[in-house]
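# Descriptive analysis of the structure
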Amino acid sequence: MTKTSGVPVLIVSGPVGVGKSSVVHEMFDQLIDRDIAHAVIDLDAFGISWPYGEGDPYNERMALRNLASVWTNYAASGIDRAIIARVVEAEADLAAYAEAIPGAEIQVCRLVASVDVLKERVRRREVGSSYEVLVRRSVELAESLDKSGPTDFVVETSGRELAEIAVEALAKAGWL
């Protein structure tokens, strides 16, 4: 594992239902097993507030402001790398992550799965009124990210064990 002078940040991106949250939690376990200091941040939780900011349909600005505050606490306690679960749709969006985490050296791991797998995962997970919206958003994101989503490397999640996916992503990022 190569240590850099900056802050290694691995953003795990991909469409709704691809497994971002599950994979980053498995990465947490894999890095603990190797005694590697890190923070795992599921950024969706940092933007759950209403009303959203004007012109910010996914409350991204709030989530990133909260990330900056939380990162200050992690850094003060000696944490020197971060894994973030969040959809990143455009290269330009990465600047806000670099602002929230000073010195960030960002890599984006895009998780992928077939449309059928995405739909099934969303169906199993979503029991409320947002099911139809999330299925549509998942398919839309899969197509959009394939065309223009920032990506340093891709990891397939269909039909694979979480540990295998997490270790592959961490290895590709140079963290293992």
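Below, the structure is looked at part by part.

The rules behind the values
- Residues numbered from 1 in each chain as written.
- Predicted model: local features only at pLDDT ≥ 70, side-chain atom pairs only at ≥ 80, totals over all residues.
- Heavy atoms only, no water.
- Helix = DSSP H or I, 4+ residues; strand = E, 2+ residues; numbered from the N terminus.
- Rg over C-alpha atoms; globule rule 2.2 N^0.38 Å.
- Buried < 20%, exposed > 50% of the residue type's maximum accessible area, 1.4 Å probe, protein only.
- Contact = heavy atoms within 4.5 Å.
- Axes fitted to C-alpha atoms, helices over the stretch in contact; angles between N-to-C directions.
- Parallel < 35°, antiparallel > 145°, perpendicular 65-115°, else oblique.
- Core = buried A, V, L, I, M, F, W, Y, C linked by side-chain atoms within 4.5 Å.
- Pairing = 2+ DSSP bridges.
- 1 Å grid on protein atoms, 1.4 Å probe; cavity = no way out; pocket = protein on both sides within 12 Å on 5 of 7 lines; lining within 4 Å.
- Points joined across faces, edges and corners; volume = space filled by probe spheres on them.
- Nonpolar A, V, L, I, M, F, W, Y, C, P; charged D, E, K, R; others polar.
- Polar contact = N/O pair within 3.5 Å; in protein donor to acceptor, adjacent residues only side chain to side chain.
- Phe/Tyr/Trp six-rings, centres within 6.5 Å; stacked < 30°, edge-to-face > 60°.

### Observations concerning the overall build of the chain
- Each helix and strand in the chain was counted, giving six helices and five strands.
- Reading the chain from its N terminus to its C terminus gives the helix and strand order β-α-β-α-β-α-β-α-α-β-α.
- Here the C-alpha atoms of the chain give a radius of gyration of 16 Å, agreeing with the 16 Å that 2.2 N^0.38 yields for 176 residues.
- Seen along its three principal axes, the alpha-carbon backbone of the chain occupies a region of about 45 × 40 × 30 Å.
- Within the chain, buried positions represent 43% of all 176 residues.
- Once local pairs closer than 6 in sequence are excluded, the contacts in the chain between residues at least 24 apart make up 75%.

### Focus: the packing of helix α1 (residues 20-33) against helix α6 (residues 162-172)
- Between α1 and α6, the least distance of the axes is 8 Å, while the angle of their chain directions is 75 degrees. In terms of axis orientation, α1 runs roughly perpendicular to α6. Together, Ser-22, Val-23, Glu-26, Met-27, Gln-30 and Leu-31 of α1 and Leu-162, Ala-163, Ile-165, Ala-166, Val-167, Ala-169 and Leu-170 of α6 make up the contact between the two elements.

### Some points on the nonpolar core
- Core analysis: the biggest nonpolar cluster contains 24 residues, and Leu-10, Met-27, Ile-83 and Leu-111 have the highest contact counts within it.
- Mapped onto this core, the elements with two or more residues apiece are β1 (7-13), α1, β3 (82-85), β4 (104-112), β5 (153-156) and α6.
- Other than its neighbours up to four places away in sequence, Ile-83 contacts Leu-10, Val-12, Val-24, Met-27, Leu-31, His-38, Ala-39, Val-40, Ile-41, Leu-170 and Trp-175.
- Core analysis: the next-biggest nonpolar cluster, separate from the first, contains 20 residues, Ile-11, Ala-63, Ala-82 and Val-108 among them.

### Topic: the sheet that holds β1
- The sheet built from five strands is open, its strands ordered β2-β3-β1-β4-β5 with parallel pairing. The open sheet is flanked by β2 (39-42) and β5, the only strands paired with a single partner. Adjacent strand axes in the sheet meet at a mean angle of 25 degrees when their direction is disregarded.
- Pairing geometry for β1 and β4, over seven bridges, is parallel. Each residue of the ladder has a partner; that of Pro-8, found in β4, is Glu-105.

### Some remarks on the layout of surface pockets
- In this model, the largest pocket occupies a volume close to 1100 Å³.
- In terms of lining residues, the largest pocket is bounded by 39 residues, among which Val-16, Lys-20, Asp-44, Val-87 and Leu-134 are the most central.
- At the level of elements, α1, α2 (60-76), α4 (115-125), α5 (131-148) and α6 are the ones that each hand at least two residues to the lining of the largest pocket.
- Class assignment for the residues of the lining of the largest pocket results in 17 nonpolar, nine polar and 13 charged.

### Overview of the side chain of Gln-30
- Tracing the backbone shows Gln-30 in helix α1.
- A polar contact is formed between the side chain of Gln-30 and the side chain of Glu-26, at a distance of 2.7 Å.
- Apart from the residues within four sequence positions on either side, Gln-30 is in contact with Ala-163, Ala-166, Val-167 and Leu-170.

### Side note on the packing of aromatic side chains
- Using the criterion set out here, one finds two aromatic pairs in the structure.
- Taking the centre distance of 5.1 Å and the plane angle of 65 degrees together, the rings of Trp-50 and Tyr-52 count as edge-to-face.
- Residue classification places Tyr-52 among the partly exposed positions, given a relative accessible area of 37%.
- Ring geometry for Trp-71 against Tyr-74: centres 6.2 Å apart, planes inclined by 55 degrees, an arrangement best described as tilted. Note that Trp-71 and Tyr-74 are positioned in helix α2 at a spacing of three residues, about one turn of the helix.

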